[in-house]
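What follows is each chain in one-letter form.
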Amino acid sequence: MEPLINDPVLLQEFLTESEELLQGADQDLVRLEALPDDEELLNRVFRALHTIKGTAGFLGLDPVVQLGHRAEDVLSNLRRGQLKLTQPIMDALLAARDQLGIMLADIRGGGLKQYSLDPLLAELQRVSSCVPAVPTPQDGAKADSVAHETGDSPDVSPKPALDEETAAVQPEQKNPAPQALTAQSMRVDVRKLDELVNLIGELVLERNRLLQLAKEIGTGRYEARGSDSPLSHSVARLSFITEELQAAGLRTRMVPIEAVFSKFPRLVRDLARSVEKEIELEIHGQETEIDKNMVDLISDPLVHLVRNSLDHGIELPAERERQNKPRRGKIRLDARQEGDHILVTISDDGRGIDPDRVLRKAIEKGVVSRERAANLSMREIYDFIFLPGFSTMEKATNLSGRGVGMDVVRSNLKRLNGSIELESKPGEGTSVRLHLPLTLAIMPVLLVKVGEEIYGVPLRSIIETSRFASQNLHRLEGREVICLRNETLPLVRLEALFSSPGQEADNHEKKIVVMTVGDTRIALLVDQLIGQESTVVKPLGHSLGQCQGIAGATVGGDGRVRLVLDPAGLLLSAAQSSSQEVLQ
Amino acid sequence: MDQQPNHEPIAPARADRQTGTEELRQIVSFRVGDEEFGLDILRVQEIIRHQHLTRVPNSSDFVDGVINLRGKVIPVIALRKRFGITQEPSDGQARIVVLEVQNMVLGFIVDSVPEVLRIPESAVVPPPRFGKTERDYVSGVAKMDDRLLLLLDVDRIMSVEDSQAVAAAQA
C-alpha cells in the first residue's frame, strides 16, 4: 500500500507518540500480569495499540498495522472476557509489543525493513483462538480479519471514532501516570530547551563578568563610586534575576526519573524468567526529577547494575530456601534528591560479594601487594571491582563476582560528574549507590591558582581546603602523601602534572584541596585559592586530544577561558606518573 | 588584476565583473614570518584580534591553546610555530583567523592580515614540488606582479597535523 500521506512532520509525531504509547503499554502489560482482572489496564493497552494501528494505517505503514491489528484482536477478546490471560498470551503480547518497537526504531532509522512476521502473527492468532466461543474467522485472509475488526469494533468500544480522536489529541491522558500527576503540559523539542539553557549559560557567564567589573569599580579601580552605587545595585538585581532564570530554565528540562525506571519491571521480568529466578522489583522515588539529558546517559549503567544483581546477586529459589531466605529475591531501585545531587540506589538481598575472593583476585592480578592487602578497608577492597579488566577476569573464572564491565559503569558515571559506591554483606546482599548531579549544565567550582594559571575544581568533589604544612609531607611506596589529621592522602602536585609555567608560591603559602574521587581521597597542592564561581562547563572537543585531568572549559569573569579539572582523571595521571617514577 | 585592499563585507567573487568569463577567487592574505599566505575567503568565518590563550595541559601537540569566542571555546593553532618560525612578531598586528575545518571551528594565529585580494584563476599555479614535507598543505601559488602568495588547503593542514600527532603518539 502506498502511503496515503507522505509528511515527515506527521511521521515524526507518529513516532514520538507511538514510542510513548508503547513504553506505557510495556509497563501496563507487566502490571497486567500481576493483576489480570484490571480492566482499566487492559483498556489502556488496547487503546494504545489501537491508536498506533490507526495512525500507522493512515501513514501506510503496513506491517505495523498488520501486527497491531492481530495484537488488538487478542486484547479485545480479553476485554470481552472471552479469553483468560495466560502466560503464553502474555508472552505473545509482549513479543508483539517488542516487534512494534523494533519497527518504530527502523522507521526512525530510515524505513521499514523486511520482517518475517508470520510466526508471531500465527502465535497471536493461536492464543486468541484458544476459546471456542469466539466466532472469529480463523481461516480468513488478512482482508477478512480487517473486515472482522471493523465489524467488531462497535461492541469493543461504543464510539470508536471518538475514541481514536481523543487518543490522537491527548496522548498524555493515556500514559500510565496516575491522574494526580497530569498537569497542563505541552510537548517541546528538547533541542529548543537545550538552546534556551545554553543561552542562559551565556547570560550567567556575562553576569559573572559584569559582577567582576562592578567589583573593580567598587574598589576604586575606575575611580567611580563605591559599592553603594546604582551600578552595583543594578548588577546585584541582574545577578538575582539571572539566577532565577537559570533555575527556571533548568527546571523546564527536568523530568521524573520514572522515564528511566519504567523499563525495569519488564526487563527484570524477562531476565528473571530466562534464568529461572523469582524476583520482585521494588521501585521507590520514581517522581524524583532529573535533567532530561541525564536520562539517556544513566539508563545503560542502571540496566547493567540491575542485570548484575539479577544474574550474580540473587540466588536460585532452591538455594535461597536452603539459606532460610524467602524464595523470591528482591531488587530495589530507589531515587531521591540529596542536597544538590541525586542518589540512586540499586540493592538486592542476594548472596553479596565475598571480599576475600575479591582480594585474592586483586593480589593474583598484581593490583595490590600482599602486604598492603592486609590493611585495606572493605571499601578499598570493593573498589577493585571497578578496575578495568578486573571484572571480566572474574567472569571468565566463573566466580561469584558481579561486575562484568563495572569499570565501564564507573567511567560512564564519571563522565556525568557522578560517582559510584558499592557496599556488600556476604549472604545478605549488595547495594550500589550512584551519586548524580542534578544537571549537567551548571557546575559550581573553586578557582585555584597554579603557577600563573587558574583552574576550576568542581565543588562537589571538594571535601575541605587547608594550609600546606611541609612537616606533614611523607613518602610512601615512592609516592608523596600528606597526613591530615588521622588520614594519609596521596598528594598530587598540579604544577608538575600539568608542567605549568610560572613562579611557584613558597611552600608555606601553598594550600591543599582535599577531593574525593569515588571512595578515594586525594590532596591537590595548589599555589592559591581564589574563590567560588558558578560556571557553565563546555566540553573541549575531540580536536584537543585526550587532555587527561581536564573535564572541560568555561569562560571566566575576565573573558578568558578557564579549564575545569576532572578529579578522576587527575587521580589516574597521578597514579601513572608516580608509577613511572618508581620504575625509574 | 585587482590588488586594491578590500575591507568591505565580501560577496563571492563573480566573473561578470571581469570582461570575459574568467573566475575570480577572493583570497584573504595574511603574513606569517616573511611569507605571505592566502586562504579562500569562503573558508574564513571571521578575523579577530589576538587574545589571551589558555594552555591545555595534556592536549594534542598541534594545539597551542584555547580561546573564548563569544562564549564558545575554540582551539587555536599558532602558524608561526607550525611553520617553524621562532622569532616573536614585532608589533600588535597579530590576528586570529577563525575558520571551520572538518566540522570544527578553530583559529590560526597569524602575524597580520593585510588585505583581501581578488585573484583570477589563471594566476594560480600548482605548488613547486621541492619544499619541505610540511608544505604539503600548500594547494597552489598565486603569482602577482611582485610577490607570491601561498594558498593554504586547510583540510590538508588538519589532516597533516592529525597524522603527525598520531605518529608522535605511536613513537
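Residues numbered from 1 in each chain as written. Chains lettered and ligands numbered in written order. Predicted model: local features only at pLDDT ≥ 70, side-chain atom pairs only at ≥ 80, totals over all residues.

## Observations regarding the overall build of chain A
For clarity, the threshold we go by: The numbering of helices and of strands both runs from the N terminus, where a helix is a DSSP run of H or I of at least 4 residues and a strand a run of E of at least 2. For every residue, the other C-beta atoms within 10 Å of its own C-beta are counted; 20 or more classify it as buried, 12 or fewer as exposed, and values in between as partly exposed. C-beta atoms are placed from the backbone. We call two residues in contact when the distance between their C-beta atoms, placed using the backbone, is within 7 Å.
Within chain A, the regular secondary structure consists of 20 helices and 18 strands. Counting across all 584 residues of chain A, residues that qualify as buried make up 35%. Partitioning the contacts of chain A with sequence separation of at least 6, the portion at a separation of at least 24 is 68%.

## Topic: the overall build of chain B
Counting its regular elements, chain B contains 2 helices and 11 strands. Listed N to C, the secondary structure of chain B is β-β-β-β-β-α-β-β-β-β-β-β-α in terms of helices and strands. Scored against the burial criterion, the 171 residues of chain B give a buried share of 29%. Partitioning the intrachain contacts of chain B with sequence separation of at least 6 by distance along the chain shows that 54% fall at a separation of at least 24.

## Examining unusual backbone geometry
All names here are of chain A. Phi angles above zero are rare outside glycine, and Asn 324 is one such case at about 60 degrees. Mapped onto the elements, Asn 324 comes out in the loop between helix H13 (317-322) and strand E4 (329-338). On the neighbour-count criterion, Asn 324 (6 C-beta atoms within 10 Å) is exposed.

## Some thoughts on the interface of chain B and chain A
In this assembly, 17 residues from chain B lie in contact with 23 residues from chain A. Among the elements that line the side of chain B that touches chain A, the one with the most residues is strand E4 (residues 65-69) of chain B, at 3 residues.

## Quick notes on the sheet that holds strand E18 (residues 561-565) of chain A
Residues and elements named next belong to chain A. The criterion, for reference: Pairing between two strands is assigned when DSSP locates at least 2 bridges connecting them. Note on definitions: angles span 0 to 180 degrees between N-to-C directions of axes, and those axes are lines fitted to C-alpha atoms, for helices only across the stretch in contact.
The strand order across the open sheet built from 5 strands is E16-E8-E9-E18-E17, with neighbouring strands paired in mixed fashion. Two strands lie at the open edges of the sheet, namely strand E16 (528-536) and strand E17 (550-555), each paired on one side alone. Neighbour to neighbour, the strand axes of the sheet diverge by 35 degrees on average, direction disregarded. Across 2 bridges, the pairing between strand E9 (residues 453-458) and E18 is parallel. Directly across from Gly 456, in E18, lies its bridge partner Val 564.

## A closer look at helix H1 (residues 8-34) of chain A
Since one α-helical turn is 3.6 residues long, residues separated by three or four positions face the same way. Residue and element names in this part refer to chain A. Basically, it comes down to this: Any helix carries an expected span of 1.5 Å times its number of residues minus one.
Taking 1.5 Å per residue, 27 residues should reach 39 Å; H1 reaches 39 Å between its end C-alpha atoms and fits that length. All of the buried residues in H1 are Phe 14, Ser 18, Leu 21, Gly 24, Ala 25, Asp 26, Gln 27, Asp 28, Leu 29, Val 30 and Leu 32. Where the residues of H1 are buried, they touch helix H2 (39-58), helix H4 (87-108) and helix H11 (264-274).

## A look at the nonpolar core
All names here are of chain A. Worth spelling out the cut-off: In this description, a nonpolar core means buried residues of the types Ala, Val, Leu, Ile, Met, Phe, Trp, Tyr and Cys, linked to one another by C-beta atoms lying within 7 Å. Annotation comment: domain bounds sourced from an automatic or database domain assignment.
Counting residues in each nonpolar core, the largest one holds 81 residues, and the members touching the most others are Val 492, Ala 523, Leu 524 and Leu 525. Shared between two domains, this core holds at least three residues of each, these being domain 2 (190-253) and domain 4 (442-583). Among residues more than four places away in sequence, those in contact with Leu 524 are Val 492, Leu 494, Ile 512, Val 513 and Met 515.

## Brief notes about the sheet that holds strand E5 (residues 72-78) of chain B
Residues and elements named next belong to chain B. In spatial order, the strands read E3-E6-E7-E5-E4; together these 5 strands make up an open sheet with mixed pairing. In this open sheet, the two strands that pair with only one neighbour each are strand E3 (44-49) and E4. Going across the sheet, the axis of each strand differs from the next one's by a mean of 35 degrees, ignoring polarity. With 7 bridges joining them, strand E6 (residues 95-101) and strand E7 (residues 104-110) adopt antiparallel strand pairing. Counted as the bridge partner of Leu 99 is Leu 106 from E7.

## Here we look at the environment of Pro 458 of chain A
All names here are of chain A. Along the chain, Pro 458 turns up in strand E9. Spatially, the C-alpha atoms of Pro 458 and Glu 533 are 9.8 Å apart, while their sequence positions differ by 75 residues. Leaving out residues up to four positions away in the same chain, Pro 458 has contacts with Asn 417, Met 443, Val 445, Val 564 and Pro 567.

## Notes on the packing of helix H3 (residues 62-79) of chain A against helix H5 (residues 118-128) of chain A
Residue and element names in this part refer to chain A. Put simply, the test is: Here roughly perpendicular refers to angles of 65 to 115 degrees, roughly parallel to angles under 35, roughly antiparallel to angles over 145, and oblique to all remaining angles. Note: crossing handedness is left-handed where the near helix turns anticlockwise from the far helix by less than a right angle, and right-handed where it turns clockwise. Basically, the charged four are Asp, Glu, Lys and Arg, the nonpolar ten are Ala, Val, Leu, Ile, Met, Phe, Trp, Tyr, Cys and Pro, and anything else, Gly included, counts as polar.
Running from amino to carboxyl end, H3 crosses H5 at an angle of 15 degrees, the nearest separation of the two axes being 9 Å. Judged by the angle between their axes, H3 and H5 are roughly parallel. Between H3 and H5 the crossing geometry is left-handed. Contacts between H3 and H5 pair Gln 66, Leu 67, Arg 70, Ala 71, Asp 73, Val 74 and Asn 77 from the former with Leu 120, Leu 121, Leu 124, Gln 125, Val 127 and Ser 128 from the latter. Each residue belonging to the contact of H3 with H5 can be placed in one class, and the counts come to 7 nonpolar, 4 polar and 2 charged.

## Section: the packing of H1 of chain A against H2 of chain A
Two numbers describe a pair of packed helices, the interaxial angle and the distance between the axes. Residues and elements named next belong to chain A. In the contact formed by H1 and H2, the axes pass within 9 Å of each other and the chain directions differ by 155 degrees. Considered as vectors, H1 and H2 are oriented roughly antiparallel to each other. At the point where H1 passes H2, the crossing takes the left-handed sense. Mapping the contact onto sequence places Phe 14, Ser 18, Leu 21, Gly 24, Ala 25, Asp 28, Leu 29, Arg 31 and Leu 32 in H1 and Leu 41, Leu 42, Arg 44, Val 45, Ala 48, Leu 49, Thr 51, Ile 52 and Thr 55 in H2.

## What to know about the environment of Ile 512 of chain A
Residues and elements named next belong to chain A. By the secondary structure assignment, Ile 512 is in strand E14 (residues 511-517). C-beta crowding within 10 Å serves as the criterion here: with 23 such atoms nearby, Ile 512 is assigned to the buried category. Sequence separation of Ile 512 and Leu 524 is 12 residues, and the distance between their C-alpha atoms is 5.3 Å. Non-local contacts of Ile 512, meaning those with residues more than four positions away in its chain, are made with Thr 465, Ser 466, Phe 468, Ile 482, Ala 523, Leu 524 and Leu 525.

## A short note on the confidence of the model for chain B
All names here are of chain B. Let me state the cut-off plainly: Known as pLDDT, the predictor's confidence for each residue is given on a scale from 0 to 100.
Of the residues in chain B, 71% reach a pLDDT of 70 or more, and the chain-wide mean stands at 74. Per-element confidence in chain B is highest for E3, whose mean pLDDT is 90, and lowest for helix H2 (residues 154-170), whose mean pLDDT is 58. Note that residues 1-19 has pLDDT below 50 and, in this model, 24 contacts with residues that lie over four places away or in other chains. Throughout residues 166-171 the model reports pLDDT below 50, and contacts reaching past four residues in sequence, or to other chains, amount to 1 contact. Scored as a whole, the predicted complex attains pTM 0.54, and scored at its interfaces, ipTM 0.71.

## A few points about the pairing of strand E13 (residues 487-493) of chain A
Along any regular strand, the residues point their side chains to alternate faces of the sheet. Residue and element names in this part refer to chain A. As paired strands, strand E12 (residues 479-484) and E13 are joined by 4 bridges and run antiparallel to one another. The residue of E13 that forms the bridge with Leu 484 is Glu 487. Counting the residues between successive antiparallel strands, the hairpin from E12 to E13 contains 2 residues, one of them, Arg 485, with a positive phi of roughly 50 degrees. Here E13 pairs with strand E15 (residues 520-526) via 3 bridges, running parallel. When the bridges of E15 are listed, Leu 491 appears paired with Ala 523.

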